[in-house]
Amino acid sequence: MSNYGIFPPGEQLEEQISHAAAKPFSGSFEQQALVLGSRIHLDYDGIFEEMEKIKHVRLKEVLEYQLKRYRTFFA
């Protein structure tokens, strides 16, 4: 299992992210959010505004994907 390292070429973003393990006490981001018991409040407008400054395209793709995927855990 990868730990945010180099992923096999040709895999789609969703496949690559599925190889990543959550930290620190569970391999599941969803389980960690459920244990937290409260929703994390994010400034989506501010986040996406700051992301416009990022030049690394892959990083932006991963951040956008994760923000959309876990939107139900964030307020």
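The structure presented is a predicted model; accordingly, all values stated were derived computationally and were not measured.

**Student:** Could you clarify how one ought to interpret the side chain of Lys 60 in this entry?
**Tutor:** Tracing the chain through its elements places Lys 60 in helix 4 (residues 57-69). Of the side chains with opposite charge, Glu 52 comes closest to the buried, unpaired Lys 60, at an N-O distance of 4.2 Å. Leave out the neighbours within four places in its chain, and Lys 60 touches Met 51, Glu 52 and Ile 54.

**Student:** Quick question: what am I supposed to make of the packing of aromatic side chains here?
**Tutor:** Any aromatic ring pair is given by two values, namely how distant the centres are and how the planes are angled relative to each other. With the rule as written, the count across this model stands at 1 aromatic pair. Judged by centre distance (6.3 Å) and plane angle (25°), the rings of Tyr 44 and Phe 48 are stacked. Here Tyr 44 and its partner Phe 48 are both found in helix 3 (residues 44-51), 4 residues apart, which amounts to about one turn of the helix. Accessibility expressed as a relative area gives 9% for Tyr 44, which makes it buried. Here the basic side chain of Arg 71 rests over the ring of Tyr 44, its NZ or CZ set 3.9 Å away from the ring centre.

Thresholds, definitions, all that
Residues numbered from 1 in each chain as written. Predicted model: local features only at pLDDT ≥ 70, side-chain atom pairs only at ≥ 80, totals over all residues. Heavy atoms only, no water. Helix = DSSP H or I, 4+ residues; strand = E, 2+ residues; numbered from the N terminus. Buried < 20%, exposed > 50% of the residue type's maximum accessible area, 1.4 Å probe, protein only. Lys, Arg positive; Asp, Glu negative; His and termini not counted. Salt bridge = Lys/Arg side-chain N within 4 Å of Asp/Glu carboxyl O. Contact = heavy atoms within 4.5 Å. Phe/Tyr/Trp six-rings, centres within 6.5 Å; stacked < 30°, edge-to-face > 60°. Lys NZ or Arg CZ within 6 Å of the ring centre and 35° of its normal.

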